[in-house]
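Chain residues, written in single-letter form:
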Amino acid sequence: MPAKQSSSNSPSVTRNKRRPARGAGLTDEQNAESGFTASKALSENLQKVLVDLIELASQGKQAHWNVVGTNFRDTHRQLDEIIDSAREFSDTVAERMRALHALPDGRSDTVAETTTLPEFPPGELETTAVIDLVTERLEATVSTCRDVHDAVDEEDPTSADILHAILEKLEQYAWMVSAENRVARKA
């Protein structure tokens, strides 16, 4: 497909023509399936967490590839831990959704359209900037988990337990990552 030309005679970027994001849906029970089925609200709340976790892993990789400067190696390695956890958590949330007859939507367009995480800047970034950017994204993902927690817990305490594990680990990462740029207060 040839690149589209803008009216100013400069080439523009070719973009995919995709359908708008629909988010999570629900399935019908089939065969011998029975048991608890997520409501639309529960499905949507878990979907919010899912897209933020997917985006956290993606932005973590962007940071991992482009971080430079003092403490590069430690930052690079710590980003790998965060990425691995975000990927594992997103898989856990998506599989929980499927167990509840909900349809997770982790497509790139859906994630980009619905995540609460701000866009990550391009290019090389100093470690101090990466520390602040990653902390902000960890805290945004934590905020999403906390925003949906009570509603999830009310309908499905088992799914809320998954959120507890996510919160515990991501809050720990936020503290550890942000400590890299902290300065001790003098007594």
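Residues numbered from 1 in each chain as written. Predicted model: local features only at pLDDT ≥ 70, side-chain atom pairs only at ≥ 80, totals over all residues. Heavy atoms only, no water.

Caption draft 1: Here's a closer look at the pattern of salt bridges. One pass over the full model with this rule turns up 6 salt bridges. A salt bridge links Asp-80 to Lys-61; the nearest nitrogen and oxygen atoms lie 3.5 Å apart. In this pair, Asp-80 sits in helix α2 (residues 72-99) while Lys-61 sits in helix α1 (residues 40-66), placing the two residues 19 residues apart along the sequence. Notably, a salt bridge pairs Arg-96 with Asp-156, separated by 2.9 Å at the nearest N-O pair. Residue Arg-96 is located in helix α2, and its partner Asp-156 is located in the loop between α4 (127-155) and α5 (157-179); the two are separated by 60 residues in the primary sequence. (Salt bridge = Lys/Arg side-chain N within 4 Å of Asp/Glu carboxyl O. Helix = DSSP H or I, 4+ residues; strand = E, 2+ residues; numbered from the N terminus.)

Caption draft 2: Local environment of the environment of Thr-92. When you line up the elements, Thr-92 lands in helix α2. Distance in space between the C-alpha atoms of Thr-92 and Ser-159 is 9.9 Å, their sequence separation being 67 residues.

Caption draft 3: How the structure looks around the environment of Trp-175. Among the structural elements, Trp-175 can be located in helix α5. On the accessibility criterion, Trp-175 (55% relative accessible area) is exposed. Sequence-wise, Trp-175 and Leu-138 are 37 residues apart; in three dimensions their C-alpha atoms are separated by 9.6 Å. (Buried < 20%, exposed > 50% of the residue type's maximum accessible area, 1.4 Å probe, protein only.)

Caption draft 4: Region of interest: a negative patch on the surface. Together, Glu-81, Asp-84, Glu-88, Asp-91 and Glu-95 make up a negatively charged patch on the protein surface. With respect to the secondary-structure elements, Glu-95 resides in helix α2. (Patch = residues over 30% accessible without salt bridge, like charges linked within 9 Å, V, L, I, M, F, W, Y side chains within 5 Å. Areas by Shrake-Rupley, 256 points an atom, 1.4 Å probe, with all protein chains shown as cover. Lys, Arg positive; Asp, Glu negative; His and termini not counted. Charge placed at Lys NZ, Arg CZ, Asp CG, Glu CD.)

Caption draft 5: Examining the environment of Phe-89 more closely. Note that Phe-89 resides in helix α2. Of the residues examined, Phe-89 reaches a relative accessible area of 13% and is grouped as buried. Sequence spacing of Phe-89 and Ile-166 is 77 residues, and the spatial spacing of their C-alpha atoms is 6.7 Å.

Caption draft 6: Spatial organisation of the confidence of the model for the chain. Across the chain, pLDDT averages 89, with 82% of residues at or above 70. Element-level pLDDT for the chain is lowest in strand β1 (residues 25-26), with a mean of 60, against a maximum mean of 98 in α4. (pLDDT = per-residue confidence, 0-100.)

Caption draft 7: Representation of the side chain of Gln-78 within the structure. Within the secondary structure layout, Gln-78 lies in helix α2. Residue Gln-78 is classed as buried on the basis of its relative accessible area of 17%. In this view, Gln-78 contacts Met-176 and Val-177; residues no more than four positions away in its chain are not counted. (Contact = heavy atoms within 4.5 Å.)

Caption draft 8: Region of interest: unusual backbone geometry. One non-glycine residue, Asn-71, lies in the positive phi region at around 65 degrees. Assignment of secondary structure puts Asn-71 in the loop between β2 (67-68) and α2. Take Asn-71: its relative accessible area is 36%, and that puts it in the partly exposed class. A positive phi is found at His-101, a non-glycine position, where the angle reads about 65 degrees. When you line up the elements, His-101 lands in the loop between α2 and β3 (102-103). Accessibility expressed as a relative area gives 5% for His-101, which makes it buried.

Caption draft 9: Spatial organisation of the packing of α2 against α4. Following both chains from N to C, one finds α2 and α4 inclined at 20 degrees, their axes separated by 11 Å at the closest point. Relative to α4, the element α2 lies roughly parallel. Seen along the crossing, α2 lies across α4 with a hand that is left-handed. Two secondary-structure elements touch here, α2 through Phe-72, Thr-75, Leu-79 and Ile-82 and α4 through Thr-127, Val-130, Ile-131, Val-134 and Leu-138. (Axes fitted to C-alpha atoms, helices over the stretch in contact; angles between N-to-C directions. Parallel < 35°, antiparallel > 145°, perpendicular 65-115°, else oblique. Left-handed = near helix turned anticlockwise from the far one by under 90°.)

Caption draft 10: Representation of the nonpolar core within the structure. Grouped together as the largest cluster of nonpolar side chains are 42 residues, with contacts concentrated most on Val-49, Val-93, Val-134, Leu-138, Ile-166 and Leu-170. Listing elements by their share of this core, those giving two or more residues are α1, α2, α4 and α5. The element contributing the most residues to this core is α4, with 10 residues. Discounting residues that sit within four places of it in the chain, Val-134 has contacts with Ala-63, Leu-79, Ile-82 and Val-177. (Core = buried A, V, L, I, M, F, W, Y, C linked by side-chain atoms within 4.5 Å.)

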